[in-house]
There are 2 protein chains.
Amino acid sequence: MDTAIGAPTGASANEPDGATSTSARWLYAFDEGDGKNKLLLGGKGANLCEMTQIGLNVPPGFVVTTQACLAYLDSPDRELPDGLMDQVEAAIRDLESKTERGFGDPANPLLVSVRSGSALSMPGMMDTILNLGLNAQTLEGLIAQTSDARFGYDAYRRLIQLFGKVAFGISDEQFDKQFELVKEQAGVDTDAGLGAPELEEISRRFLEVVHDQTGRAFPDDPLEQLEMAIKAVCGSWMGKRAVDYRREFGITPEMASGTAANVVTMVFGNMGSDCATGVAFTRDPATGENELFGEYLMDAQGEDVVAGIRTPKQVREMAEEMPEMHRQLIDLRDRLESHFHEVQDFEFTIEQGVLYCLQTRDGKMNAVASVRTSVEMCEEGLIDREGAIMRVGPADLEQMLHPHIDRRHDAPALAQGLAASPGAASGRAVFDADDAERLGQDGMDIILVRDETRPEDIHGFFASRGVLTSRGGKTSHAAVVARGMGKPCVAGAEGIDVDVLHREARVGGVTIAEGDVITIDGSTGNVYLGEVPTVEPEFTDSLSTLLEWADEFARLGVRANADTPDAARSAREYGAMGIGLCRTERMFNAADRLPIVLDMIMAETTEERQEALDRILPIQRSDFVGLFEAMSPLPVTIRLLDPPIHEFLPEEHQLEREIDQLEHLREAVEGMEVLADTARLLDDLSGDGAGLGTVPDFVDSRVLEAAIARKKQILLRAQALKETNPMLGHRGVRLGLTHPEIYRTQIRAILEAAAECVKKGIEVRPQIMVPQVCTGEELEVARGYLDDLRPEVEAAYGVELDVKFGTMMEVVRACLRAEKLTEFAEFFSFGTNDLTQGTFSFSREDAENKFLPLYSERGILTDNPFEVLDSEGVGRLMSLAVRWGRESSPDLEVGICGEHGGHPASIQFCHEIGLDYVSCSPPRIPVARLAAGQAGLSAEGTQDL
Amino acid sequence: MDTAIGAPTGASANEPDGATSTSARWLYAFDEGDGKNKLLLGGKGANLCEMTQIGLNVPPGFVVTTQACLAYLDSPDRELPDGLMDQVEAAIRDLESKTERGFGDPANPLLVSVRSGSALSMPGMMDTILNLGLNAQTLEGLIAQTSDARFGYDAYRRLIQLFGKVAFGISDEQFDKQFELVKEQAGVDTDAGLGAPELEEISRRFLEVVHDQTGRAFPDDPLEQLEMAIKAVCGSWMGKRAVDYRREFGITPEMASGTAANVVTMVFGNMGSDCATGVAFTRDPATGENELFGEYLMDAQGEDVVAGIRTPKQVREMAEEMPEMHRQLIDLRDRLESHFHEVQDFEFTIEQGVLYCLQTRDGKMNAVASVRTSVEMCEEGLIDREGAIMRVGPADLEQMLHPHIDRRHDAPALAQGLAASPGAASGRAVFDADDAERLGQDGMDIILVRDETRPEDIHGFFASRGVLTSRGGKTSHAAVVARGMGKPCVAGAEGIDVDVLHREARVGGVTIAEGDVITIDGSTGNVYLGEVPTVEPEFTDSLSTLLEWADEFARLGVRANADTPDAARSAREYGAMGIGLCRTERMFNAADRLPIVLDMIMAETTEERQEALDRILPIQRSDFVGLFEAMSPLPVTIRLLDPPIHEFLPEEHQLEREIDQLEHLREAVEGMEVLADTARLLDDLSGDGAGLGTVPDFVDSRVLEAAIARKKQILLRAQALKETNPMLGHRGVRLGLTHPEIYRTQIRAILEAAAECVKKGIEVRPQIMVPQVCTGEELEVARGYLDDLRPEVEAAYGVELDVKFGTMMEVVRACLRAEKLTEFAEFFSFGTNDLTQGTFSFSREDAENKFLPLYSERGILTDNPFEVLDSEGVGRLMSLAVRWGRESSPDLEVGICGEHGGHPASIQFCHEIGLDYVSCSPPRIPVARLAAGQAGLSAEGTQDL
């Protein structure tokens, strides 16, 4: 670390900031500048002032303001504003008095650095010059004082090169060429191998480079050096790199305009064994532990740490090596935190037993550390609960709550798909759900790999650690089911050619055979060959505490999307305040139920269908009992059957294949039967049993005939049920109305399950929710089912049930008819996946594959509306629906159970429009609770769009 | 016609109507009752009063009010209210004095009828009794006065049967049995064959029936008869038939409550050659001609007309037969029209040279007559223009504007489908578009019959008189194209099994072979075997006049959905004020263009695609020139390409079949090539040319190879472009943004066509419209294309163009972002087909096939929202969009171009929310103009939902 010593400038204070007056104040000493005024002093300058003024030992110096920079850039001939250099001279005199050195004093030279620094950090975008004040004479003095010629010449040649480059625009190559020539002549390989004589030669040659390139000598006068350096630093604000950077990151003049030039006294950590340099965090940025964390090197410069020539020591070792310095460092740490109320990432240098703090900024931490420090700093009284909650980024929590690829490992990805369900997992690639189940039960770690998944693959999901598909978007079956189970999923990895038939997948030239180990990262969409180390998630005590605090400030409740007792229990562990969405179709999908569901679909009459449903009823009832028990006494919101029933049928192509296979088999069997008949005949004819030998018992071809007929029936039904636009088809309440027995059976199962629980003394709060509603009349009919069945069940069980009835708000028209719906609905739950689809007329799968990428690239949509709630469109509709609904029914409960319910910005929006709760998948509950707390702390009031 | 004579009651007037007071007034003489108070007097009673009071010769009588009826029904023991019978007796005394007859006077008997009549007509639902006042004594008197014993006994036996049935509830069978017995004994077949003795015998037996069934004698006292008759008529209001009828037709107590009982003096048209009876319309109800139109019979009763025993004469013949009576009839006609200001349908009887008017009501007419009479009555000063416009039902106009099945022909329908495009047509069934084209050019009348149609069938549409499909809904390709062309279409006739391969269709047991004549009625969805007579449409001068008047009152303009110059010309004839929607994809569909479109879709690079588009450009340009010329100087709104491009590709299954066929062919050819090679070899070997004979020139199998490869490429592309929910897919502006060259080419073609016209001195007003827009940014990019190309084209042609740029409003989000869209759009055009789909999340095809029928049956939706604009949902959204759009851009032009734009109730709604115009298919323009005029005349004001 190249550093500098100094003291406040002598410029007179209390003059107004002005850009044109000669009496304007163009600079501030560190002990005078306003540490909060980053626009005027830049971030670095303001921080140096702040640290100086709270009594930290900062090398003295002063800040030339951004106003001076702008005045310089605006002047016709690029002249520094009148009066500035007078103020600089005065400030330098002040520095001289504070440091007891002289700027240009050959015996005891004062050296300074000039560093740029704007209001916003623009790392590496602007310029810095070190060691200003050195010339032939002062160099001698420096060498004499340090008794180190090598150190002196090294500092000198750095000044010449940096100054040449920044002030004169000489390219680094000009200097590097000479540097290499001298190294070559000296026969050394590394810079460290160069001695004082070689560095002296380099300095000499560098001076020649400057002369050759500029036609003038390198300026010897320190004040001339300083003036030119200030101009150069100010000019760098308009340098190409800086201009490009600001455009790229959208930095407007309101955010940062002009750079300050910080003139800082140099300090050196390489003047002997009482010197050192280092960087530290006030707390451990990896764990959040309340312990000074950092590295240092004795008798060294900053570059030595970066260059890696010597291995730095842990700061805690300083307690033995330099105990007093260590004590001062701990003290510095305490003072930083107690002043900034935030973990600090700071730089320090020890010059001859004196500790200097050179820079400090808020420490960047991972999520675990961020959560722990929030809680501990609050408990220590450094921050309040509000501050603790606002300090943690909800999105960062994701990282904590899913296994993730170890960032230290950066294996190249084999392919990339959609980040469909977060988390990372490794396992053997298996291409079939049955095999996955079998091998998974044998204890193998498995990644299920498919072109796409179907409801009948569900057992394969349970058996796998993660799912990879080559087709489908973020709402594909694979994605939705995996998210529901909290398992990682990469979907639609189109670069992978999955060949389920041959049990392999090809990516470019690579083939993944069944059993090969792969790793998927559902948080990034990356797919890796082999096992890539992952980091396991932690639900720490600190997180529990922080979320409890967040709950105190939240107006929004957080419920879970959960379909099974397991998921419900997991949701409670994450702090769910109920179930906001239980998808009953999942209960139809289990392998033991699909055959009954198939019977239901294939039923020719209502009676046949009812018969199949009667077999489903006790199964669903026991599902609900499990769910109610797991969630008691919190509310459990159950959505009646939503998808079109053809989703439960096998694919047409698969059926056709199966029929083909069966028909071939039948032909073969028939052939064999003929053969057998012939054999028997021959046996009979020969009469001596010496015919064609024993006749095997063949499969009866009639059995096959029956199987073929059944498959053909199913195929016909599948074709009849096929829809042009299935998302807009015969589903949800439409199905519930055309086939009342389905919803009636489901409602009966819910009521009976609730009654069973009540009899057992378990408190239950079922909420029955109707999907795809677009008109009050639909809801009226569905409610009729409940009103009809409830007294019957209550009488049969001798209990009274507390059941709420409500509607999904996932069809645009439902929102437009909100007042009407409240006549029948006690609660609304926004299904923002479908609502987004209807509002945009985007089919998610089609959109994400065909045009959304371009829309995002061209800025036509800032976000994917299926990920981030579109507050301007979908949100406006929601806001209207909430308003209209509450106008007619003030006590209406309103929630959201679409995927957006787990997204922080969307949660903020839900808070603003006055929802009562959000519901999301269990692993996202902590994120949602934090976001809900932060929303509660943000400006209050229901947004009126 | 059984009729009666009478005079006003003597009941004192001016008493308040009350239901309970004994001083209440329970009846009104015809010369006193308020002819407007139908609720109190019933429709018939009020009309009898009205006619009496304007001086028409109505048989005297009085009305027992509906209040009396209700009081009777409410009384615990079904007693007539106190005072009523006193008032009846007084009224009868008044009648006696007016008619100079006596009620019960054997010498000169007064006979009356009692007829029910409620505020709303309920034909045949309630009861009537004739010839009250007859008994053994008065019968003698009647016979003596008429010298006609047969007439007297006939009247008597009718009284006994009607009274027995209505007052005593004796079934008709009891009477009919006796009637038949007497006929049998007399040995006659018809009632007319019965003489006075037989009718006397019948009367005797009827009196016995009454006695047997009731245990009492038939009442001889005329007043007793009258009291019982009034009770019976009042009681019939709660009869099962009447109650069922009111429930069926939704008649509420506010509309009609209770029936009046009209007591009317009987008059007889069968008392000699100076008697007659008839029915007439004041104008011809079939043509609207201003000529008395009707039929009469001399010396006859009403029944004689109905029984058809004698053929009635035309009223005009009366001028010779009974000139004075005819003059009076003409006078009656004039008085009726000048009083009622409406065509009247009236009944009359001439009794001994005196003309009586017995009943009148507004005449029901067909559309042609309705329009003609409106215009002529207005020109005659009978009604004003407002009245003329409001008098014609817009839906009735449909009938005028399409050929329709002659209602006199009621052939049974063979099958029924959806009424997809109105009108009727007969022709030979043809199952293939190519054949249809060929045969059509030969002058054959053709109905194109397909399972479903595709863009490549378009030439078949042109060649056909109508289209019949077995699949698809009202927005299927067939339906939309047929409507656009104004040709009849029955779509989705699922009962018909269309076998395109074998060129036949099967319906139940019937097979329609290619060439068989069928008739389709696209207004009802009926399909008939053979030719059913149709009536051709007429666009009469009267209609032109009426629509011009409607235009004067309309605030809404009416534009046409038209894609070709022919359609545009037709639209102008119908009075279109511009084109509101030109669908440019139709220009891609013509047979000569599809190959180029295919090249465009198959292009691997943007350059290749541009090359194909460059070939399309001049074609589209000339399309637009034609359209602009046909429509100049009116606005022409052109929608850029909307459907997903895969719609232009052949079906996957078809491609697979073609590839199969080609591969078989290739194998065969390869085989033949081997054979040919062998043949040549043998020829060479034998050296004498006597090998296997001449070697044919086979098709080169390599040519087939190339064709197969191309088809396979197309198949792959079709598969890649396939979408899960095509309605919500990669289409409209999304396509225009991912493939800018398509929209840029279209915009260039529009601009160049406009420039060409301007150079020729033709005034053009193109409006470029972007489909499927959901966000302002999309519109901004598309507008950029225009802003970019326009100066270039203007410079090249040296003209200035007047071009408007706007957006379809067919995506929900567009409505929700209306303010934003006005930054880039000068006009909005609601595409309510897609908007309805997005709002309901209904796919029209799927919905109409699967659940909409049940929704309609159960009353969940009153109308099919794809036919009648859903004002509560979609309409609310439109209303918000109009408000938000005009708030930010007050001059915004707003129209509608969905199919609803031609529907009267929807047009009314569009008027209410302040749209500027509606656009519809050319044949619906007259309907729309009339509806717009009527909307303009209805209560003003923009609806705020």
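For the structure, see preceding data.
Criteria and cut-off values
- Residues numbered from 1 in each chain as written.
- Chains lettered and ligands numbered in written order.
- Predicted model: local features only at pLDDT ≥ 70, side-chain atom pairs only at ≥ 80, totals over all residues.
- Heavy atoms only, no water.
- Helix = DSSP H or I, 4+ residues; strand = E, 2+ residues; numbered from the N terminus.
- Buried < 20%, exposed > 50% of the residue type's maximum accessible area, 1.4 Å probe, protein only.
- Contact = heavy atoms within 4.5 Å.
- Areas by Shrake-Rupley, 256 points an atom, 1.4 Å probe, with all protein chains shown as cover.
- Lys, Arg positive; Asp, Glu negative; His and termini not counted.
- Charge placed at Lys NZ, Arg CZ, Asp CG, Glu CD.
- Least-squares fit on C-alpha atoms with pLDDT ≥ 70 in both.
- Phe/Tyr/Trp six-rings, centres within 6.5 Å; stacked < 30°, edge-to-face > 60°.
- Lys NZ or Arg CZ within 6 Å of the ring centre and 35° of its normal.
- Buried area = accessible area lost by both parts, 1.4 Å probe.
- Salt bridge = Lys/Arg side-chain N within 4 Å of Asp/Glu carboxyl O.
- Nonpolar A, V, L, I, M, F, W, Y, C, P; charged D, E, K, R; others polar.

## Some remarks on the overall build of chain A
Then step 1. When helices and strands are tallied, chain A shows 36 helices and 31 strands.
Then step 2. Over its C-alpha atoms, taken along the principal directions, chain A stretches across nearly 125 × 80 × 55 Å.
Then step 3. Here chain A, with 945 residues, has 56% of them falling under the buried criterion.
Then step 4. For chain A, restricting intrachain contacts to residue pairs at least 6 apart in sequence, the fraction spanning at least 24 positions comes to 69%.
Then step 5. For chain A, the accessible surface area stands at approximately 37400 Å², while carbon and sulfur atoms represent 49% of it.
Then step 6. Side-chain charges of chain A comprise 89 positive and 159 negative groups, with the mean position of each set lying 3 Å from the other.

## Some details on the relation of the copies chain A and chain B
Note on the chain copies: they are related by a rotation about an axis and a translation along it.
Then step 1. It takes a turn of 180 degrees to lay chain A on chain B, together with a shift of 0.2 Å along the axis; the resulting RMSD is 0.3 Å. Taken together, the rotation angle and the small translation identify this as a two-fold axis.
Then step 2. Both copies present the same face, since 100% of the interface residues in chain A are matched by interface residues at the equivalent positions in chain B.

## Overview of the packing of aromatic side chains
Then step 1. With the rule as written, the count across this model stands at 24 aromatic pairs over all chains.
Then step 2. The interplanar angle of 65 degrees and the centroid separation of 4.9 Å between the aromatic rings of Phe175 of chain A and Phe206 of chain A together place this pair among those described as edge-to-face. Taken together, the positions of Phe175 of chain A in helix α6 (residues 172-186) and Phe206 of chain A in helix α7 (residues 196-214) put the pair 31 residues apart, joining distant regions of the chain. When sorted by exposure, Phe175 of chain A lands in the same class as Phe206 of chain A, which is buried.
Then step 3. Seen from their ring centres, Phe163 of chain B and Phe218 of chain B are 5.3 Å apart, and the 70 degrees between their planes marks the pair as edge-to-face. Taken together, the positions of Phe163 of chain B in helix α5 (residues 149-168) and Phe218 of chain B in the loop between α7 (196-214) and α8 (222-235) put the pair 55 residues apart, joining distant regions of the chain. Across this residue pair, the class does not change: Phe163 of chain B and Phe218 of chain B are buried.
Then step 4. Three or more aromatic residues joined by ring pairs form one cluster here, namely Phe840, Phe842, Phe851 and Tyr855 of chain A.
Then step 5. The side chain of Arg876 of chain A reaches across the aromatic face of Trp884 of chain B, ending 3.5 Å from its centre.
Then step 6. The aromatic ring of Trp237 of chain B is capped on one face by Arg246 of chain B, whose charged end is 3.7 Å from the ring centroid.

## Focus: the interface of chain A and chain B
Many analyses report the size of an interface as the accessible area lost when the parts associate.
Then step 1. In this complex, chain A contributes 50 residues to the contact, which on the side of chain B involves 50 residues.
Then step 2. The junction of chain A with chain B conceals about 4600 Å² of combined surface from both sides, 56% of it contributed by carbon and sulfur atoms.
Then step 3. Ranking the residues of chain A by area buried against chain B places Leu728, Lys850 and Arg876 of chain A at the top, with a combined share of 15%.
Then step 4. The interface formed by chain A and chain B contains eight salt bridges.
Then step 5. The set of elements that each furnish at least two residues to the side of chain A that touches chain B consists of α25 (701-721), α26 (733-738), α28 (776-797), α29 (812-816), α31 (832-840), α32 (844-850), α33 (852-857) and α34 (874-888) of chain A.
Then step 6. Looking at the side of chain A that touches chain B, its residues break down into 22 nonpolar, 13 polar and 15 charged.

Structural measurements only, silent on function.
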